[in-house]
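Coordinate analysis (summary)
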Amino acid sequence: MRFPCPGGGRWRGATDGGCFNALGPSSTSPVRPSGTFPLRGKGRGSGVTAALIDLQKVGMTYEAASGPVEALADVSLRVGTGEFVSLVGPSGCGKSTLLRIIAGLRPATQGTVSVTGKTVTRPIPDIGMVFQAPILLKWRSILHNVLLPAELAGRDAGALRKRAVDLLDMAGLGGFAEKLPRELSGGMQQRAALCRALLLDPPLLLMDEPFGALDAMTRDDMALELLRIWGETSGTRKTVLFVTHSIAEAVFLSDRVVVITPRPGRVAGDIAIDLPRPRTVELRASEAFGRLNFDIFRTLTGR
């Protein structure tokens, strides 16, 4: 099945699977159906890598009192090691459900899910999850909130204390380790939640609208902070799957943006974000940034 090319473009051909865009001579952002995009491990120009996440024809149907509800249908997606991939789509299209399926928190009703080459049949311990709300325990200090995953995993929290302190320093929270969550702003709490997710050094981060509750200025600051912590300028990066409703945020952060249709969620397009790294605030004013935003909007809405 072929989805429409943004801007009324034409398909390149069966071997390539992408679109030529009809928005003008400079608008050539590749838009591909799911499962056909070459994986890039550490960003621009790094070549093809094996998939860390591999979804094949995944579907999810809930049993509700009024009857079955199909949340996801025929989702195929591969994410390479070190890639930053964002999922965008309307509310209720199954983006958050997809993250929970990948994490092993909810089984898919159709298809196969593998992470690091292993089929997912139960919750995966080697991942970090960050949600829209920081979900910090209000009676624990920031440092002890960050150390919580060690306790839950049966690890020696004392042995990881230095790593927790280092993460807080890296996130600009070095002077707030002994503060309670209520003493921090929303953006600072979200940084602490990110440190908590990174404590056990997971190879994979699943992020479900982590900045959705923040004001616009704090949200922009957190995007830059996330890229710095992710390791945009280093050779070693986590793999990140990031859910957002903001097209601009997805373009700014990502190596690829995957567009999900309204329920049942399917992959409508897989768009390469071929912008230079490190990403800067000035990049948002560029023609290329605007063109990518428009391409994704067209893929999302069909307008």
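Residues numbered from 1 in each chain as written. Predicted model: local features only at pLDDT ≥ 70, side-chain atom pairs only at ≥ 80, totals over all residues. Heavy atoms only, no water.

Let's talk about the overall build of the protein
The condition is simple: Put simply, DSSP H or I for four residues or longer makes a helix, DSSP E for two residues or longer makes a strand, and each gets a number counted from the N terminus. The contact rule is simple, with two residues in contact once any of their heavy atoms fall within 4.5 Å. Surface accessibility follows the Shrake-Rupley procedure with a 1.4 Å probe radius. Residue values consider only the protein chains on display as shielding.
Along the backbone of the protein there are eight helices and 13 strands. Counting contacts in the protein only where the partners sit at least 6 residues apart, residues at least 24 apart contribute 67% of the total. Of the accessible surface of the protein, which amounts to about 13800 Å², a share of 54% is contributed by carbon and sulfur atoms.

Observations regarding the pairing of strand 13 (residues 267–272)
The cut-off we apply is this: When accessible area is computed with a 1.4 Å probe and restricted to protein chains, residues below 20% of their type maximum are described as buried, those above 50% as exposed, and intermediate ones as partly exposed. Here a strand pair is declared whenever DSSP counts at least two bridges between the two strands.
With six of its six residues buried, strand 13 lies for the most part within the structure. Bridge analysis of strand 12 (residues 256–260) against strand 13 gives five bridges, and the strand direction is antiparallel. Considered in strand 13, the bridge of Val-257 is made with Ile-271. From the end of strand 12 to the start of strand 13, which pair antiparallel, there are six residues.

What to know about the side chain of Arg-256
Stated precisely, the cut-off is as follows: Two N or O atoms form a polar contact when they lie within 3.5 Å of each other; inside protein one atom must be a possible hydrogen donor and the other a possible acceptor, and for residues adjacent in sequence the pair counts only when both atoms belong to side chains.
Relative to the assigned elements, Arg-256 resides in strand 12. When its relative accessible area of 1% is taken as the criterion, Arg-256 is described as buried. In terms of polar contacts, Arg-256 uses its side chain to reach the backbone carbonyl oxygen of Arg-78, at 2.9 Å. Looking at Arg-256, its side chain comes within polar contact range of the side chain of Asp-270, at 2.6 Å.

Here's the deal with the layout of surface pockets
Keep this limit in mind: Here a cavity means grid points, on a 1 Å grid over the protein atoms only, where a 1.4 Å probe fits yet cannot get out; a pocket means an open set of points with protein on both sides within 12 Å along at least five of seven lines; lining residues are those with an atom within 4 Å of a point. Grid points are joined across faces, edges and corners, and a volume is the space filled by probe spheres set on the points. Throughout this entry, Asp, Glu, Lys and Arg are counted as charged residues, while Ala, Val, Leu, Ile, Met, Phe, Trp, Tyr, Cys and Pro are counted as nonpolar. The remaining residues, Gly among them, count as polar.
A volume near 600 Å³ is recorded for the largest pocket. What lines the largest pocket is a set of 23 residues, among which Pro-125, Ile-127, Gly-128, Met-129 and Pro-149 lie closest to the centre. Going through the elements one at a time, strand 9 (127–130), helix 3 (148–152) and helix 5 (186–198) are the ones with two or more residues in the lining of the largest pocket. Looking at the lining of the largest pocket, its residues break down into 18 nonpolar, one polar and four charged.

With respect to the environment of Thr-81
Mapped onto the fold, Thr-81 is located in the loop between strand 5 (67–80) and strand 6 (84–88). The sequence separation of Thr-81 and Leu-52 amounts to 29 residues, and the corresponding C-alpha distance is 5.3 Å.

Some details on the packing of aromatic side chains
For clarity, the threshold we go by: Think of it this way: a Phe, Tyr or Trp ring, Trp meaning its six-membered ring, pairs with another when their centres are within 6.5 Å, and the plane angle makes it stacked under 30 degrees, edge-to-face over 60, tilted otherwise.
A full pass over the atoms with the stated rule returns three aromatic pairs. Relative to Phe-242, the ring of Phe-84 lies with its centre 5.8 Å away and its plane at 45°, an arrangement referred to as tilted. One end of the pair, Phe-84, is in strand 6; the other, Phe-242, is in strand 11 (residues 239–244), with 158 residues separating them in the sequence. Pair check on accessibility: Phe-84 and Phe-242 agree, each one buried. Seen from their ring centres, Phe-211 and Phe-242 are 5.9 Å apart, and the 55° between their planes marks the pair as tilted. Placement of the pair is Phe-211 in the loop between strand 10 (204–208) and helix 6 (216–230) and Phe-242 in strand 11, with a sequence separation of 31 residues.

Here's the deal with unusual backbone geometry
The amide bond that connects Arg-263 to the next residue, Pro-264, takes the cis arrangement and shows omega of -5°. Mapped onto the fold, Pro-264 is located in the loop between strand 12 and strand 13. The omega torsion of the bond from Arg-277 to Pro-278 falls at 0°, within 30 degrees of zero and hence cis. Among the structural elements, Pro-278 can be located in the loop between strand 13 and helix 8 (287–301). With a phi angle near 50°, Lys-57 is a residue other than glycine that sits in the positive phi range.

A short note on the environment of Leu-52
Relative to the assigned elements, Leu-52 resides in strand 4 (residues 51–64). Given the relative accessible area of 9%, Leu-52 is considered buried. Once the C-alpha coordinates of Leu-52 and Thr-239 are considered, the two residues, 187 residues apart in sequence, prove to be 7.8 Å apart. Once residues within four sequence positions are removed from consideration, Leu-52 is found in contact with Val-79, Gly-80, Thr-81, Ser-114, Val-115, Thr-116, Pro-203, Leu-204 and Thr-239.

Remarks on the pattern of salt bridges
Rules: A pairing counts as a salt bridge when a side-chain nitrogen of Lys or Arg comes within 4 Å of a carboxyl oxygen of Asp or Glu.
Taken as a whole and assessed by the stated rule, the structure comprises 13 salt bridges. Close ionic contact of Lys-162 with Asp-166 constitutes a salt bridge, the shortest N to O distance being 2.9 Å. In this pair, Lys-162 and Asp-166 are both assigned in helix 4 (residues 161–170), four residues apart and thus about one turn of the helix distant. On the basis of relative accessibility, which here comes to 59%, the residue Lys-162 falls in the exposed class.

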